Number of protein chains: 2
Amino acid sequence: MAIGVGLLGLGTVGAGVAAILTSPEGRHPLVGALDLKKVAVRDPGRVRPVSLPAEVITTDPEAVVDDPAVEIVVEVMGGLEPARSLILRAIAAGKPVVTANKSVIARHGEEIAAAAAERGVYVLIEAAVGGGIPIIEPLKQSLGGNRIQRVSGIINGTTNYILSRMADEGAAYGAVLADAQRLGYAEADPAADVEGHDAADKIAILAGLAYGGPVPRAAIPTEGIDRLEARDVAYAAQLGFVVKLLAVAQRIGDPDDAGVQALDVRVHPTLLPVDHPLAGVNGVNNAILVEGDPVGRVMFYGPGAGAGPTASAVVADILNIAGIRQVGGPQAGLDPLLAASSWRRCALVEGALTSHRNYVRFRTHDQPGVIGQIGTAFGSAGVSIQSIVQLECDGGAAEIVVITHDVQEARFREALAAIEAHPEVLTVAASLRTL
Amino acid sequence: MAIGVGLLGLGTVGAGVAAILTSPEGRHPLVGALDLKKVAVRDPGRVRPVSLPAEVITTDPEAVVDDPAVEIVVEVMGGLEPARSLILRAIAAGKPVVTANKSVIARHGEEIAAAAAERGVYVLIEAAVGGGIPIIEPLKQSLGGNRIQRVSGIINGTTNYILSRMADEGAAYGAVLADAQRLGYAEADPAADVEGHDAADKIAILAGLAYGGPVPRAAIPTEGIDRLEARDVAYAAQLGFVVKLLAVAQRIGDPDDAGVQALDVRVHPTLLPVDHPLAGVNGVNNAILVEGDPVGRVMFYGPGAGAGPTASAVVADILNIAGIRQVGGPQAGLDPLLAASSWRRCALVEGALTSHRNYVRFRTHDQPGVIGQIGTAFGSAGVSIQSIVQLECDGGAAEIVVITHDVQEARFREALAAIEAHPEVLTVAASLRTL
């Protein structure tokens, strides 16, 4: 019983998907039941790593969606439009959709989910987060019995590559970025990665699944690695930490009387203790740590990008739809786990009200008693300190690094402002969250 | 639409499952649709961490299976019998089964799978391997597009706890085992764990899923940690390795003309380079590394045992069955991914024909030239060496450690025998596989 698949896009990921579908030997036998019926490309003349019959290729993506032989629509073209419109068109035609497009899901996820629920079709997105790492399906299905406390992840390979090299080589951000661009690990315009927007897209998706309701993407506080200094990476190492761009979604208390679950969702460079499970995730790899009750801590690790890994995730979704179709046919009901419709409302808490540990680096005059003054100032502001060390000094200026205990952001900012006003303190040179 | 659940056993895991089912708030809403109808216990008078209505409790497990209100049978009693018979009884009655019982699946999996396929019901086993770590479902569903090259894992928490402490403290195996028994991390009779049988049960299950056909459990070469010496753990560390009890299932070439896939499946203490993803897995945690084409390397990490994690996995399976039931009702077809029936025949290759790297420790007379003699002997036997070092000597005897490159087991054993015959060599004191 063959199942017709239509592919929108035949770039890196699309070619990877086509390669799997056209070589089913040794894979799950259900792969052999998938029949690639139509593929939309921009330039039919381009040479590609996978060869397909000419009659399968078209330059009209709507023709793929509309082809009656296409039963599952796979969107791997990327970008917001026409991807969004094509996804909605497939849903309207009652065809399930598989997409690797995190931007479209992070920005138009609610619209797409509503349309899919209305029409009763699946929209599956395993490839949108974590490349080849199975994380969407485990969150939706394998961890459904849990109350999720926190999802935290290294979910942008480009920045993790840059941070790994900064840590290994003591190199400056700009130099490593330039090299990463040369090697193809960073885009010519690296903003989406290095400013944290890509990670914010992805944590919005993970949070929506983990907590059962959409998260306002635009409201996620996002800080990238583009202003991170090599010396903070080096100081962190001296103190037993590594710096990673972490995306976090954390439950704050129980739902309120209206049933709304408060969440703390954010993206920023973060100091992790070296023995933290995420601390050893290096290079372009990704990892997502899920903390739940009663499962405890489980982590998913692997290649966060690339044609092969991403294609593996896309095919997983196609297989899931094909497998479920054997249960009840195309007209059957939806599996609520796989469909992952919203079941709760979520709201982000105000950043000033959240609590974290912090790493702060002060530049001060190099004179006796400054450490004591900073310690005293934090103490009188009610900020409890784990350690305070003078790490270096040059030309009359000293560098003092403080690691705080958990403190409410508002109180911490107030304390920093007060300390910065001390005449011995030149500046707050860096301030980073710490796990 | 409530779905009736029957529980066989209310020990640690059973009570954990009951605790989730009776407190659905904050979990996936489908948990609220699960109705715990009947629970079989051995001693109804025992005080338990979860309180259930008296009419739900019975001492007759068959009454749970036979109860018409029970639509899903959950076996968490452990042991081979009556677990096996009760599972078969549930299947015969057309009721899907969830079990956390790795022994029964490793030993009677083929019989159970055949009965389930014949009757068209699911038997789900997420909790049987890796405790709370989602690994069974990802292998069956999320990685179905891949050709799996190798599955390797730390899948026994007790031995990993012992090995972690041996490495951290330089302590002897016997002393750590005694302490682990005192702390409840090891059983009074630790044989199943420390001799590797539990890990062999689990890798048999994983291999069956990864390669699509049952693996003969009894034929898996199994070596435990019970003869491991503290000095080999220490030498390994000096050379940049950690010692872990690894369970491995590796594909050897393509299927033969009869369609049989050759596999190298084994359990033994193994030296891992410190930067290997599994090297940092410590304490009672488990992790499974899956290598596939085209996904590359993905790893699943988390708590390998305990009431909460195992209950999380059991409930995942119950939810999957309940979710699928909403697609097509109890009479619908099976999802071939979830059902995971065999689609290929597998056979184990003879151990002597497999190839590995090795760590060997020789005790020799402490005299000049011995290193050269050993190196020459390996060389003339065609065994390529990565490093050879003299690590210690006392009382006229020296300890010489060799790390080989990949070599066929038969050739390696031959070389060892030849070297042991040298008059300068006292004995082959240890020989361990190396990744």
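Residues numbered from 1 in each chain as written. Chains lettered and ligands numbered in written order. Predicted model: local features only at pLDDT ≥ 70, side-chain atom pairs only at ≥ 80, totals over all residues.

**Considerations on helix α14 (residues 409-420) of chain A**
An α-helical turn contains 3.6 residues, so any two residues separated by three or four positions project in the same direction.
Residues and elements named next belong to chain A.
Inference 1: The end-to-end C-alpha distance of α14 is 16 Å, a good match for the 16 Å that twelve residues give at a rise of 1.5 Å each.
Inference 2: Three or more residues of α14 are buried, namely Phe412, Ala415, Leu416 and Ile419. Buried residues of α14, viewed axially, fall in a sector of 100 degrees; they line one side.
Inference 3: Among the structural elements, β13 (355-365), α13 (370-380), β15 (397-404), β16 (407-408) and β17 (425-434) are those in contact with the buried residues of α14. (Helix = DSSP H or I, 4+ residues; strand = E, 2+ residues; numbered from the N terminus. Expected span 1.5 Å × (residues − 1). Buried ≥ 20, exposed ≤ 12 C-beta atoms within 10 Å, placed from the backbone. Arc of directions from axis to C-beta. Contact = placed C-beta atoms within 7 Å.)

**Brief notes about the interface of chain A and chain B**
Inference 1: Contacts between chain A and chain B engage 54 residues on the former and 54 residues on the latter.
Inference 2: Sorting the residues of the side of chain A that touches chain B by element identifies α1 (12-21), α5 (136-142), β11 (296-303), α11 (307-328) and α12 (336-339) of chain A as the ones contributing at least two each.
Inference 3: With 13 residues, the top contributor of residues to the side of chain A that touches chain B is α11(A).
Inference 4: Looking at the side of chain A that touches chain B, its residues break down into 29 nonpolar, 19 polar and six charged.
Inference 5: Note: β11(A) against strand β11 (residues 296-303) of chain B, three bridges, orientation antiparallel. Considered in β11(B), the bridge of Phe300(A) is made with Phe300(B). (Nonpolar A, V, L, I, M, F, W, Y, C, P; charged D, E, K, R; others polar. Pairing = 2+ DSSP bridges.)

**Thoughts on the packing of helix α1 (residues 12-21) of chain B against helix α11 (residues 307-328) of chain B**
Helix-helix packing: each pair is described by the crossing angle between the helix axes and the interaxial distance.
Residue and element names in this part refer to chain B.
Inference 1: Contact geometry for α1 and α11: axes closest at 8 Å, N-to-C directions at 60 degrees. Taken together, the axes of α1 and α11 are oblique relative to one another. The handedness of the crossing between α1 and α11 is right-handed. For the pair α1 and α11, the contacting residues are Thr12, Val13, Ala15, Gly16, Val17 and Ile20 in the first and Ala307, Gly308, Thr310, Ala311, Val314 and Val315 in the second.
Inference 2: Its residues assigned to classes, the contact of α1 with α11 comprises eight nonpolar, four polar and no charged. (Axes fitted to C-alpha atoms, helices over the stretch in contact; angles between N-to-C directions. Parallel < 35°, antiparallel > 145°, perpendicular 65-115°, else oblique. Left-handed = near helix turned anticlockwise from the far one by under 90°.)

**Here's the deal with the pairing of strand β8 (residues 241-252) of chain B**
Residue and element names in this part refer to chain B.
Inference 1: Counting buried positions along β8 gives eleven out of twelve residues, so the element sits mostly inside the fold.
Inference 2: The sheet contact formed by β8 and strand β9 (residues 260-273) spans twelve bridges and is antiparallel. Bridge pairing in β9 links Ile252 to Ala262.

**Focus: the pairing of strand β1 (residues 3-8) of chain A**
All names here are of chain A.
Inference 1: Along β1, five of the six residues are buried, which leaves the element largely enclosed by surrounding structure.
Inference 2: In the sheet, β1 pairs with strand β4 (residues 72-75) via four bridges, with the strands oriented parallel. Within the sheet, the bridge partner assigned to Leu7 lies in β4 and is Val74.

**With respect to the sheet that holds strand β6 (residues 123-124) of chain A**
Residue and element names in this part refer to chain A.
Inference 1: Taken in spatial order, the six strands of this open sheet run β3-β2-β1-β4-β5-β6, and their pairing is parallel. Each edge of the open sheet carries a strand with a single partner, namely β3 (57-58) and β6.
Inference 2: Bridge analysis of strand β5 (residues 97-99) against β6 gives two bridges, and the strand direction is parallel. Within the sheet, the bridge partner assigned to Val97 lies in β6 and is Val123.
Inference 3: Sheet strands touched by α11: β1, β2 (34-40), β4, β5 and β6. Its angle to β4, the strand with the most contacts, is close to 170 degrees.

**Concerning the domain arrangement of chain A**
Residue and element names in this part refer to chain A.
Inference 1: Partitioning chain A into domains gives domain 1 (3-131 + 307-343), domain 2 (144-303) and domain 3 (353-434).
Inference 2: The interface of domain 1 with domain 2 comprises 17 residues on the first partner and 18 residues on the second.
Inference 3: Residue contributions to the side of domain 1 that touches domain 2 peak at seven residues, all from helix α4 (residues 102-119).
Inference 4: In terms of residue class, the side of domain 1 that touches domain 2 is built from nine nonpolar, five polar and three charged. (Domains from an automatic or database assignment.)

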